[in-house]
Amino acid sequence: MEATPSEGFCPHWRSSCLSPTGEEELNAGHPGGALLSKSPRDRPLWEEALVSNIRAMSALQKSLVLETIQHHIQERTQLIAKEAPSAGIQELLAPLNLELKQPLEKTFLFHLYGLILRECNCVDLVRRHLASLLELSHQSSSQREGIAMAVGIASSTHMQEAWAMLEHVGRTRFLRTVFMSPDSQQPDPDTRWTWVGSTSLLCYGQMAAHAGEQILPWVDNIVSRMVYYFSCSRYDNILKTSFLSATIMLLKALRQKNRAQSYKFTQIPELIQCLLSSLQKEPNFLATLFRQKIILVIAGLSNLRPSLKPMVKSRILQTCLQSLYTLPPTETLRSCLPPMDAVPDVMALYQKSMQALDLLLQSLISENKSMDEMCFLLQHVEPWLESDRSHERQRAVQTVFLLLTYVVDNVGLAEVATPSVLGHQIGLLALLWRDMDPVTQSHSRQCTYLFLQLLTQQKGSMSEFMYLNKMKNLEASASRKSEIKFYNLVKVLNRNLTVAQHTQLVLTLLGRLCSHSRLNCDLASQLLLKVIEEQSVRPEQVAEILHGLFRELPSITFKSTLQTMMKAVSVLGTQHTQETVEVILSLCHPSERQVMPLWKALASSTQLARKVLTMLYMKLKLRPPKELIRFTQQAELISLLALGTIYELLYTREFKATVRWAFAGVLVGLLTQLHYLFELDVAESSSDYQEEVLDVKPLGPCRTCLEALKGLFWTNCWEVFAFLKLLRGWELLEHMKTYTEGVTLLARAMAHYDCEIKAVWGQAVISLKSSEERDNVVAILLIAEFLNSQELPQYMSRRTMDNFLSLGLNNPNQLVRAMSLKGLSSILMHPKKVMLLRNRLAGLLDGFLGPEPKDLVGLMEILGDILRHLGSHGVGATSLRIAQHLLLLFDDEEAAVRGRAILLYGDVLHSGGNKYRQALKSHAFQALVPLLLHLGDSCPAVVMKTKLTFLRCAVLLKWEFRKELFGKLAWGRGLGAENNIFIYVTQDQPPPGSPGVWAEKGTRAQSASRGAQSSAQGRKAVVFLRSRAEGHIPRMGCDKKANPSTSRRVESNFGNFHQFFMQALVYLRSPNRRLKQMAMKFVGALLQDYFTDLCFYLSKDDVRILKKHLETLKQDPDSMSRKFYNSFVEDLRELSQFVTQ
């Protein structure tokens, strides 16, 4: 029959009584003191004879003896150990016919009491005496043990009665102690009940020890009462000792019965939890074997059925490892002990405690002989393998080593399991190969070999096993500084681990890259590099590896580690280019800076960089139709990710050569992508983007594509970029309705500057054959303009071009058909048209050069078209006549005429051919000052056209810093930009910061202006350092091709100041107020900065002309003109004196 707990029991109340401080309770001679090495049924030598005499007694005699013993025990609350039999004891023993010559144990009377009760048949008598026993004082340890012994012996035949008495005590006496608050200032008036809970625990232990065959029906109830008393009592040394003793007695009793292995216990996890709670309360030093005993008891309990659940095992392992690993280092264990009378052998205690832990692990693995179970056990050691304390790592790796050794030598794993966590654990051990502690270092390597030995045993590969043993022997003889052993071990790991295990190994190594220890970081990175170099990474692993690296990348602190990892990424990209590119694309938005190192790593070799860019180009072509795309999916389109990445790589130094190699494909791809984005209706408003406004928001798809186009030309053919910028051609590409016009203008500029014509033509022909309409449109727009290039005939025959153009005649798109027909009718396809156009040009010139031509703007447009179609054939000497006449139209009253004349002038400069190039250069030199002054024209359209023609003059004249000049023309603002353009015109010298020729001049006027010149030069330097937020502008300013420190000079304007000076004087009388103001600025700057040079070069006639113009300003009604005169009249007098001398 099973008993049930009483309703009055409450598991949350605790005793308020204080416990003794002596530690003797733990090591005292309690029945469980020998732990599990002694049989629970061992009896004293005299017990058998004594029991025989008791059985011969009558019931009355037994009652009298019991009364006598009871009286004797009550009189003597404390027995003296090993006391010789007194006269009273001899008188007591007389009825039993037993004479004892040897000293009696303290608990002898309790032992005798229990034996007599066991042999009594009267239930009432037994109940009365058991109640009397439990009413005794519970203060003395011998008294508690004696009471428990008597109750336990009596329970072997009177289990129900003993159980009932203990239940009664629990409901009455024990609850009274529980109700006393531990913080109460009033002591318990009846202190003999303070440790009644400990006595009860011992009673249940003795009951289990003496239960014999009936233990199993009662065991769960006994355990539940033990758990209850432990949980509700106040924790002290007496309680923990009593509970441990009772648990040991219970375990001994269960081990006596083989049938206990088939019994399903229900309360074992709760019992183990109490033991763990006690273990957690142990101080952080070793003075007793309490830790060892608890761990051994838990190991014994873990063998019972049913098997412990993983959660329970986890609690056991976490608590036991925490209790032992956190002990002070072995060399300081002794010094950490509190003051003690007898100092124990601390090292012996430590070794026994650690041995108990090893036995616990061996017991657990023996219960479930599988690789999964072993990995589960080692998972709880993992945090200690990563500990910052050397002694904790040493203990952990030693535990792993001993467990693996035991498994290899004694346990045959039941099944071929492949837990992925095994790779993680091997990785943690590999990270200890260079630990500062030699013991940890040695054990970690041996653990790795043992893991591999287990794997080879499971696979049954004898050759692999022999190779492993050979490596292990080599490891023992190799130098500690040699890295060969590590790399050989990596090879074996790669061959024996599954894909999942291998992935976990790599992820574990990745997780250590952010360590604060340089040694650990370098080891992890080198191992990763070796793992990847061995070509053991499968395509399906690439994603996890790169995602793991990307998470750790921002936290890597050591440069050497980062360099090694970038080399590993490069190797990975070489092996699995497609997977690597796809994963990096998916990591984050391409504009995020932290992804850029990964792309740079893929540019480590020319071949790999080309494969990467080609793959991005192919991803760019993945353009699903609009009907199949949801609005929410637009950001996830692979083509948009590829677009953003290409945009970023354009400005990456590592990809510069590769972008140049792939220029044609990238260009056609970007133009087609822009058309595709217009089809998707994702074009952003032009007002949403401003070039020179700092904005950290990512660009939209269309803006990204357009900026990528700009960047492609800025980094490879900046003249084309400038051409479109100054003609506002990039703005044409911002809208679908002007898209074709923008592409046409772009192609025209490329043809003019011979920008990768051959390569782009090849890509355009491929696109013309595509089934996609947008590809055909882009291709034909490029091809049609390239037909005007003077370089194209060098690359292919007229017949080949005719075949290509004929492809477009049958295209369903009307624009493609029309442009194909236009191309077939071009001069390149019909050379005889050259003479016809030249004749037509001659006829137009008569009207153009006449005294009063009609519709000048329309006429100049027609002339421009003829010049463009003639292309490389040019117009020869006629170009000089046209240029001379156009120069006169620069100052026309109508803005439309001025602007068209200035724009056409730039075309004419490039239409004379090589024969007249030098003559056109001279003419362009004469136009510099008029063009410079028209930069201040009142009409913005004229200003923009002037900037383009001015730049084209600089290109024709081969100015050295024409790229910087373009930067000032395009984005320069205010006085600083004007001063810098002035410097380029007058000297074409290096930017401020490097000494110029004029620095040697020392006149009074020049000295006075030195501060202004330095200020202007300083502003120029600042302008060059634009921030990246200005889109393509910052990247322009940092282009290395425009190194300002170079000393090379190309056709400098030095020495031509007086010519510029005299040209500008004419405009001092201009009726156009803006031109007049610009002329005054220019003349004034020359007088200030180049006074000495003017003194040297100007003639008397020149000075006379200057005086005449300045005198005109003196009478000018405009106050600014008069102010100018007053400012420089003194310089005029001084200049006259120098010239006339």
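Residues numbered from 1 in each chain as written. Predicted model: local features only at pLDDT ≥ 70, side-chain atom pairs only at ≥ 80, totals over all residues. Heavy atoms only, no water.

Undergrad: Give me the lowdown on the overall build of the protein, citing residues and values where you can.
TA: Within the protein, the regular secondary structure consists of 57 helices and zero strands. Among the 1141 residues that make up the protein, the fraction classed as buried is 57%. Partitioning the intrachain contacts of the protein with sequence separation of at least 6 by distance along the chain shows that 77% fall at a separation of at least 24. Summing over all exposed atoms, the protein offers an accessible surface of approximately 49600 Å²; the carbon and sulfur share of this is 52%. (Helix = DSSP H or I, 4+ residues; strand = E, 2+ residues; numbered from the N terminus. Buried < 20%, exposed > 50% of the residue type's maximum accessible area, 1.4 Å probe, protein only. Contact = heavy atoms within 4.5 Å. Areas by Shrake-Rupley, 256 points an atom, 1.4 Å probe, with all protein chains shown as cover.)

Undergrad: Residue-level account of the state of the cysteines, with values.
TA: One pass over the structure, following the stated rule, counts zero disulfides. The thiol of Cys 755 is not disulfide-bonded; the next cysteine sulfur, from Cys 717, is found 3.4 Å away. For Cys 755, a relative accessible area of 4% corresponds to the buried category. (Disulfide = S-S within 2.5 Å.)

Undergrad: Tell me about helix α38 (residues 773-786), and please be specific about residues and values.
TA: Over its 14 residues, α38 runs 20 Å from end to end, which matches the ideal 20 Å to within 8%, given 1.5 Å per residue. α38 sits mainly inside the fold: 13 of its 14 residues count as buried. (Expected span 1.5 Å × (residues − 1).)

Undergrad: Now, about helix α10 (residues 215-232): what can you tell me, with residues and values included?
TA: Between its first and last C-alpha atoms α10 spans 25 Å; for 18 residues at 1.5 Å apiece the expected length is 26 Å, and the two agree. Within α10, 16 of the 18 residues are buried, leaving the element largely enclosed by the surrounding structure.

Undergrad: Give a detailed account of unusual backbone geometry, specifying residues and quantitative values.
TA: Here the bond from Arg 305 into Pro 306 is cis, since omega is -5 degrees, no more than 30 degrees from zero. Relative to the assigned elements, Pro 306 resides in the loop between α13 (290-301) and α14 (310-325). Even without being glycine, Gln 535 reaches a positive phi, approximately 60 degrees. Its place among the elements puts Gln 535 in the loop between α24 (518-533) and α25 (542-552). Classification of Gln 535 as exposed rests on a relative accessible area of 61%. Unlike most non-glycine residues, Asp 681 shows phi in positive territory, near 60 degrees. Along the chain, the position of Asp 681 falls in the loop between α32 (663-679) and α33 (701-716). Taking relative accessible area as the criterion, Asp 681 reaches 58% and is therefore assigned exposed.

Undergrad: Please give an account of the packing of α10 against helix α12 (residues 268-280) that cites residues and values.
TA: Following both chains from N to C, one finds α10 and α12 inclined at 30 degrees, their axes separated by 9 Å at the closest point. What the angle tells us is that α10 and α12 run roughly parallel. In this structure, the crossing between α10 and α12 has a hand that is left-handed. Here α10 contributes Val 223, Met 226, Val 227, Phe 230 and Ser 231 to the contact with α12, which in turn contributes Glu 270, Leu 271, Cys 274, Ser 277 and Ser 278. In terms of residue class, the contact of α10 with α12 is made up of six nonpolar, three polar and one charged. (Axes fitted to C-alpha atoms, helices over the stretch in contact; angles between N-to-C directions. Parallel < 35°, antiparallel > 145°, perpendicular 65-115°, else oblique. Left-handed = near helix turned anticlockwise from the far one by under 90°. Nonpolar A, V, L, I, M, F, W, Y, C, P; charged D, E, K, R; others polar.)

Undergrad: Tell me about the nonpolar core, and please be specific about residues and values.
TA: Membership of the largest hydrophobic core comes to 366 residues, with the highest contact counts inside it found for Trp 599, Phe 713 and Met 750. By residue number, the principal contributor to this core is α10, which donates twelve residues. If near-sequence neighbours (up to four positions away) are discounted, Phe 713 is found in contact with Phe 663, Leu 667, Trp 718, Val 720, Phe 721, Trp 730, Leu 746, Met 750 and Cys 755. (Core = buried A, V, L, I, M, F, W, Y, C linked by side-chain atoms within 4.5 Å.)

Undergrad: Give a description of the packing of aromatic side chains that names residues and reports values.
TA: Counted according to the given criterion, the structure contains 26 aromatic pairs. Here the aromatic rings of Phe 230 and Phe 243 are separated by 4.5 Å at their centres, their planes lie at 35 degrees, and the arrangement is tilted. Taken as a pair, Phe 230 in helix α10 and Phe 243 in helix α11 (residues 237-255) lie far apart in primary sequence, 13 residues in all. Of the residues examined, Phe 230 reaches a relative accessible area of 6% and is grouped as buried. (Phe/Tyr/Trp six-rings, centres within 6.5 Å; stacked < 30°, edge-to-face > 60°.)

Undergrad: Could you give an account of the side chain of Ser 314, naming the residues involved and the relevant values?
TA: Looking at the element boundaries, Ser 314 is found in helix α14. Setting aside chain neighbours within four positions, we find Ser 314 in contact with Phe 376 and His 380.

Undergrad: Explain the environment of Pro 438 to me, and be specific about the residues and the numbers.
TA: Relative to the elements of secondary structure, Pro 438 occurs in helix α20 (residues 438-459). Residue classification places Pro 438 among the partly exposed positions, given a relative accessible area of 46%. Residues Pro 438 and Gln 394 lie 44 residues apart in sequence; the distance between their C-alpha atoms is 9.3 Å.

Undergrad: Could you give an account of the pattern of salt bridges, naming the residues involved and the relevant values?
TA: Here the structure, examined in full by the defined rule, presents 30 salt bridges. Among the ionic pairs, Arg 393 bridges to Asp 435, the shortest N-O distance being 2.8 Å. Within this pair, whereas Arg 393 is found in helix α18 (residues 390-410), its partner Asp 435 is found in the loop between α19 (421-430) and α20, the two being separated by 42 residues in sequence. For Arg 393, a relative accessible area of 13% gives the class buried. We classify Asp 435 as buried; its relative accessible area is 8%. Across the pair Arg 774 and Glu 772 runs a salt bridge, and its minimum N-O distance is 3.4 Å. The exposure class of Arg 774 is buried, given its relative accessible area of 9%. Residue Glu 772 is classed as partly exposed on the basis of its relative accessible area, which comes to 37%. (Salt bridge = Lys/Arg side-chain N within 4 Å of Asp/Glu carboxyl O.)

Undergrad: Help me get a handle on the confidence of the model for the protein, residues and values and all.
TA: For the protein, the average pLDDT comes to 80, and 80% of its residues sit at 70 or higher. This stretch, residues 78-85, has a pLDDT under 50; its non-local contacts, to residues over four places away or in other chains, come to 15 contacts. In this model, residues 989-1052 is a region of pLDDT below 50 whose contacts with residues beyond four sequence positions or in other chains number 120 contacts. (pLDDT = per-residue confidence, 0-100.)

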